[in-house]
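Inside the fold
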Amino acid sequence: MVYKFVSRATADMIMLEADAQKILKIIGKDASPAGIITAAQIPAAIGALQAAVAAEDERSKQPAEPVDKNAEDEDGDNVKATVGLKQRAVPFIVMLQRSEAEGADVVWGH
């Protein structure tokens, strides 16, 4: 399943359910089938995502530990994923920044 994020300030963005749920969790939103990030909530959402990306970058600088190929992280995702949060979050951060500049809400649904 996919989530579609829409703002009148920018193009629509479509994400796979697991990625969208992870991002929504980071910004403190319930990953319900539909929702809204109001213009007033956008600065906090941007800050939360930037902090999460920075934390991931910092963890990636640590020496690698042996990986159990069958292990899952705290979100139930397979730990050997090759696409990091940064690659998913940065386009969403840009969407939020454009929406913030226009004073536009971001809504989602699936």
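Residues numbered from 1 in each chain as written. Predicted model: local features only at pLDDT ≥ 70, side-chain atom pairs only at ≥ 80, totals over all residues. Heavy atoms only, no water.

**Examining the packing of aromatic side chains**
Applying the stated criterion across every chain, the model contains three aromatic pairs. Pairing Phe 5 with Phe 92 gives two aromatic rings, centres 4.8 Å apart and planes at 70°, and the pair type is edge-to-face. Placement of Phe 5 in strand β1 (residues 2-7) and of Phe 92 in helix α3 (residues 85-102) is noted, with a sequence separation of 87 residues between them. Note on Phe 5: relative accessible area 0%, which makes it buried. Ring geometry for Phe 5 against Trp 108: centres 6.1 Å apart, planes inclined by 45°, an arrangement best described as tilted. Here Trp 108 lies in strand β4 (residues 106-109) and Phe 5 lies in strand β1, a separation of 103 residues in the sequence. In this structure an aromatic cluster arises from ring pairing among Tyr 3, Phe 5, Phe 92 and Trp 108. (Phe/Tyr/Trp six-rings, centres within 6.5 Å; stacked < 30°, edge-to-face > 60°. Helix = DSSP H or I, 4+ residues; strand = E, 2+ residues; numbered from the N terminus. Buried < 20%, exposed > 50% of the residue type's maximum accessible area, 1.4 Å probe, protein only.)

**With respect to the nonpolar core**
By size, the foremost hydrophobic cluster in this structure holds 23 residues, and its most contacted members are Phe 5, Met 15, Ile 37, Leu 49, Phe 92, Leu 96 and Val 106. Those elements giving two or more residues to this core turn out to be β1, β2 (10-16), α1 (17-26), α2 (42-60), α3 and β4. Those residues in contact with Phe 92, other than ones at most four positions away along the chain, are Phe 5, Met 13, Met 15, Ile 23, Ile 37 and Leu 49. (Core = buried A, V, L, I, M, F, W, Y, C linked by side-chain atoms within 4.5 Å. Contact = heavy atoms within 4.5 Å.)

**Observations regarding the packing of α1 against α3**
Geometry of a packed helix pair, given as the angle between the helix axes and the separation of the axes. The N-to-C vectors of α1 and α3 enclose an angle of 70°; their axes lie 11 Å apart at closest approach. In this view, α1 runs roughly perpendicular relative to α3, as classed from their interaxial angle. Where α1 abuts α3, its residues Asp 19, Lys 22, Ile 23 and Ile 26 lie against Leu 85, Arg 88, Ala 89 and Phe 92. Among the residues forming the contact of α1 with α3, the class breakdown is five nonpolar, no polar and three charged. (Axes fitted to C-alpha atoms, helices over the stretch in contact; angles between N-to-C directions. Parallel < 35°, antiparallel > 145°, perpendicular 65-115°, else oblique. Nonpolar A, V, L, I, M, F, W, Y, C, P; charged D, E, K, R; others polar.)

**Considerations on the sheet that holds β2**
Read from one edge to the other, the open sheet built from four strands follows the order β2-β1-β4-β3, with strand pairing classed as antiparallel. Edge positions in the sheet fall to β2 and β3 (34-37), since each of these pairs with one other strand and no more. Adjacent strand axes in the sheet meet at a mean angle of 20°, parallel and antiparallel pairs treated alike. (Pairing = 2+ DSSP bridges.)

**Points about a nonpolar patch on the surface**
On the surface, a nonpolar cluster with roughly 290 Å² of combined accessible area is contributed by Val 2, Ile 14 and Leu 16. Relative to the helices and strands, Val 2 is located in strand β1. Accessibility expressed as a relative area gives 38% for Val 2, which makes it partly exposed. (Patch = residues over 30% accessible without salt bridge, like charges linked within 9 Å, V, L, I, M, F, W, Y side chains within 5 Å. Areas by Shrake-Rupley, 256 points an atom, 1.4 Å probe, with all protein chains shown as cover. Salt bridge = Lys/Arg side-chain N within 4 Å of Asp/Glu carboxyl O.)

Interpretation in functional terms is not warranted from these geometric data alone.
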